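Chain by chain, the residues:
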Amino acid sequence: MQNEKEEGVALLKRSIDITVLVMHDDHFITNEFNFLKQYIADADLKRVFINWNNFK
């Protein structure tokens, strides 16, 4: 989202949390992390995946 970084990070975090809880597929979170790390800064990536211990 242009000029809406905080909102974008919050929406990514919420979508990851919901999808993991609904799907509960162990590979999903790894794939999402690897995909997103190409596009967002490390600090923001950590905020998105804060609930998932393997990615802190």
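Predicted, not measured: the structure shown is a model, and the values here were computed from it.

1. A few points about the side chain of aspartate 17
Stage number 1. Relative to the elements of secondary structure, aspartate 17 occurs in helix α1 (residues 5-23).
Stage number 2. Of the polar contacts made by the side chain of aspartate 17, one reaches the side chain of lysine 13; its length is 2.7 Å.
Stage number 3. When sequence neighbours within four positions are dropped, the list of residues in contact with aspartate 17 reads Asn51 and Trp52.

2. Let's talk about the nonpolar core
One recurring pattern in soluble globular proteins: nonpolar side chains tend to sit buried together.
Stage number 1. Counting ten residues, the largest nonpolar core is built from Val9, Ile16, Val20, Phe28, Ile29, Phe33, Leu36, Leu45, Val48 and Phe49.
Stage number 2. Sorting the residues of this core by element identifies α1, α2 (26-36) and α3 (42-48) as the ones contributing at least two each.
Stage number 3. The dominant element in this core, judged by the number of residues it contributes, is α2, at four residues.
Stage number 4. Setting aside chain neighbours within four positions, we find valine 9 in contact with Asp44, Arg47 and Val48.

Definitions and cut-offs
- Throughout, a residue's number is its position along its own chain's written sequence, starting from 1.
- Where local features are concerned, this predicted model is filtered to residues with pLDDT of at least 70; where side-chain atom pairs are given and counted, the filter is 80 or more; whole-chain, interface and lining totals use all residues.
- Only hydrogens and water are set aside; all other atoms, that is, all heavy atoms of the structure, feed into the side-chain values.
- Numbering of helices and strands starts at the N terminus; helices are DSSP runs of H or I of at least 4 residues and strands are runs of E of at least 2.
- Residues adjacent in sequence count toward polar contacts only when both atoms are side-chain atoms; beyond that, a polar contact is any pair of N or O atoms within 3.5 Å, and within protein one must be able to donate a hydrogen and the other to accept it.
- Here, residues are in contact when the closest pair of their heavy atoms is within 4.5 Å.
- Residue types Ala, Val, Leu, Ile, Met, Phe, Trp, Tyr and Cys, when buried and joined through side-chain atoms within 4.5 Å, form a set referred to as a nonpolar core.
- Each residue's exposure class comes from its accessible area (1.4 Å probe, protein chains only) as a fraction of the maximum for that residue type: buried when under 20%, exposed when over 50%, partly exposed otherwise.

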